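The chain contents come next:
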Amino acid sequence: MERLGRIVNSIEETLIAGILGVMTLITFANVIARYVFNDNILWALETTVFLFAWLVLIGMSYCVKITAHLGVDAVVTALPPRLRKIATLLAVAACLLFALLLLKGSWDYWSKFAFQLSFLETNDVPMPSWLQWIATYTNDGEAYEKLPRFVPYFALPLGVALLLFRFLEAGWRIVTDRQALIIVSHEVEDAIEDAAAAAAGNPGKANNPGKEG
């Protein structure tokens with residue numbers, strides 16, 4: 001589980017960083033084209049929208065990994081340690097059920113475009129030549145002019161599958177007493193103070209928010 005977690009973590013971080021970089025480059029290039037050359041990159045907006053969807057759907061699982069999702073833990077933290085652990089595991093079970101339902105729905109939605117409607121293309125995003133081999137299996141060998149919709153839509157089942165894995169990983173860490181909660185503290189100001197202290201190079205204060213010396 002730990003080894004697989006590190007591999008998934010590497011994939012998530014690489015994809016998130018890469019997507020952010022590509023979005024920035026495309027947006028910058030489109031701004032230059034529009035305001036300097038009075039031109040427009042036709043496919044820039046649609047590509048950025050798809051990339052943003054990938055960023056959100058992959059980012060939600062990464063946030064589970066680093067416990068960045070906000071939640072209310074006023075009741076849970078007031079419980080004795082044993083009951084707190086049980087309550088947290090029940091929350092994980094509910095999240096797993098939700099992720100399973102999401103995975104079923106996202107797979108059903110994506111599979112229609114992958115197997116039945118594979119001929120449908122995006123509006124403006126051109127099909128990269130290095131991906132044309134896909135047409136052999138999905139478009140009767142006929143080359144795509146635009147990127148088929150099932151390619152960007154794959155973010156749905158991929159993101160939810162990663163989310164499911166992250167909840168499983170979080171549950172295991174809670175069972176083995178290496179993690180207490182699956183959310184960041186409900187006191188958002190504490191999280192902000194932690195981030196500010198870490199940025200200022202004061203890890204001691206970051207580990208003990210609100211406490212002086």
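Anything mentioned here points back to the structure above.
What you see is a predicted model, and the numbers here were worked out from it, not measured in a lab. (Residues numbered from 1 in each chain as written. Predicted model: local features only at pLDDT ≥ 70, side-chain atom pairs only at ≥ 80, totals over all residues. Heavy atoms only, no water.)

**Comments concerning unusual backbone geometry**
A negative phi angle characterises most non-glycine residues, just as the trans form characterises most peptide bonds.
Moving on, step 1. Of note in this structure, Asn38 is not a glycine but carries a positive phi near 55°.
Moving on, step 2. For Asn38, the position within the fold is in the loop between helix H1 (2–35) and helix H2 (44–65). (Helix = DSSP H or I, 4+ residues; strand = E, 2+ residues; numbered from the N terminus.)

**Focus: helix H7 (residues 155–175)**
Moving on, step 1. Compared with an ideal rise of 1.5 Å per residue, which puts 21 residues at 30 Å, H7 spans 30 Å between its outermost C-alpha atoms and is within 8% of the ideal.
Moving on, step 2. Once H7 finishes, Asp177 follows within two positions and takes phi at roughly 60°, a positive value. (Expected span 1.5 Å × (residues − 1).)

**Here's the deal with the nonpolar core**
Moving on, step 1. One finds Ile19, Ile58, Leu163 and Phe167 to be the most contacted residues of the largest nonpolar core, which totals 27 residues.
Moving on, step 2. Counting only elements with at least two residues in this core, the list comes to H1, H2, helix H4 (81–116) and H7.
Moving on, step 3. Contact partners of Ile19, with chain neighbours within four places excluded, come to Leu51, Trp54, Leu55 and Ile58.
Moving on, step 4. Ala114, Leu131, Ile134 and Ala135 belong to the second-largest nonpolar core, a separate cluster that totals 13 residues. (Core = buried A, V, L, I, M, F, W, Y, C linked by side-chain atoms within 4.5 Å. Buried < 20%, exposed > 50% of the residue type's maximum accessible area, 1.4 Å probe, protein only. Contact = heavy atoms within 4.5 Å.)

**Comments concerning a nonpolar patch on the surface**
Moving on, step 1. Together, Val31, Tyr35, Val36 and Phe37 make up an exposed nonpolar region whose accessible area comes to about 480 Å².
Moving on, step 2. Along the chain, the position of Val31 falls in helix H1.
Moving on, step 3. By relative accessible area, Val31 is classed as partly exposed at 40%. (Patch = residues over 30% accessible without salt bridge, like charges linked within 9 Å, V, L, I, M, F, W, Y side chains within 5 Å. Areas by Shrake-Rupley, 256 points an atom, 1.4 Å probe, with all protein chains shown as cover. Salt bridge = Lys/Arg side-chain N within 4 Å of Asp/Glu carboxyl O.)

**Quick look at the packing of H1 against H2**
Moving on, step 1. Between H1 and H2, whose axes approach to 9 Å, the crossing angle comes to 155°. Judged on the interaxial angle alone, H2 and H1 are roughly antiparallel. For the element pair H1 and H2, the recorded crossing hand is left-handed. In this structure, H1 contributes Asn9, Glu12, Glu13, Leu15, Ile16, Ile19, Leu20, Val22, Met23, Ile26, Thr27 and Asn30 to the contact, and H2 contributes Ala44, Thr47, Thr48, Leu51, Phe52, Trp54, Leu55, Ile58, Gly59, Ser61, Tyr62 and Lys65. (Axes fitted to C-alpha atoms, helices over the stretch in contact; angles between N-to-C directions. Parallel < 35°, antiparallel > 145°, perpendicular 65-115°, else oblique. Left-handed = near helix turned anticlockwise from the far one by under 90°.)

**Section: the packing of aromatic side chains**
Moving on, step 1. Counted according to the given criterion, the structure contains 8 aromatic pairs.
Moving on, step 2. Taken together, a centroid distance of 6.2 Å and an interplanar angle of 70° make the contact between Phe50 and Tyr153 edge-to-face. Remark: Tyr153 occurs in helix H6 (residues 150–153) and Phe50 occurs in helix H2; sequence separation between them is 103 residues. Per residue, the accessibility class of Phe50 equals that of Tyr153, and both read buried.
Moving on, step 3. An aromatic cluster of at least three residues, connected via ring pairs, comprises Phe50, Tyr109, Phe113 and Tyr153. (Phe/Tyr/Trp six-rings, centres within 6.5 Å; stacked < 30°, edge-to-face > 60°.)

**So, the pattern of salt bridges**
Moving on, step 1. Scanning the entire structure with this criterion turns up 4 salt bridges.
Moving on, step 2. Two residues, Arg166 and Glu12, come together in a salt bridge whose shortest N-O distance is 2.8 Å. Taken together, the residues span a long stretch of sequence, with Arg166 in helix H7 and Glu12 in helix H1 at a distance of 154 residues. Of the two residues, Arg166 and Glu12, both sit in the buried class.
Moving on, step 3. In this structure, the salt-bridge partner of Glu145 is Lys146, at a minimum N-O distance of 3.5 Å.
Moving on, step 4. Classification of Glu145 as exposed rests on a relative accessible area of 58%.
Moving on, step 5. Each member of the salt-bridge network shares a partner with another, and the members are Glu12, Arg166 and Glu169.

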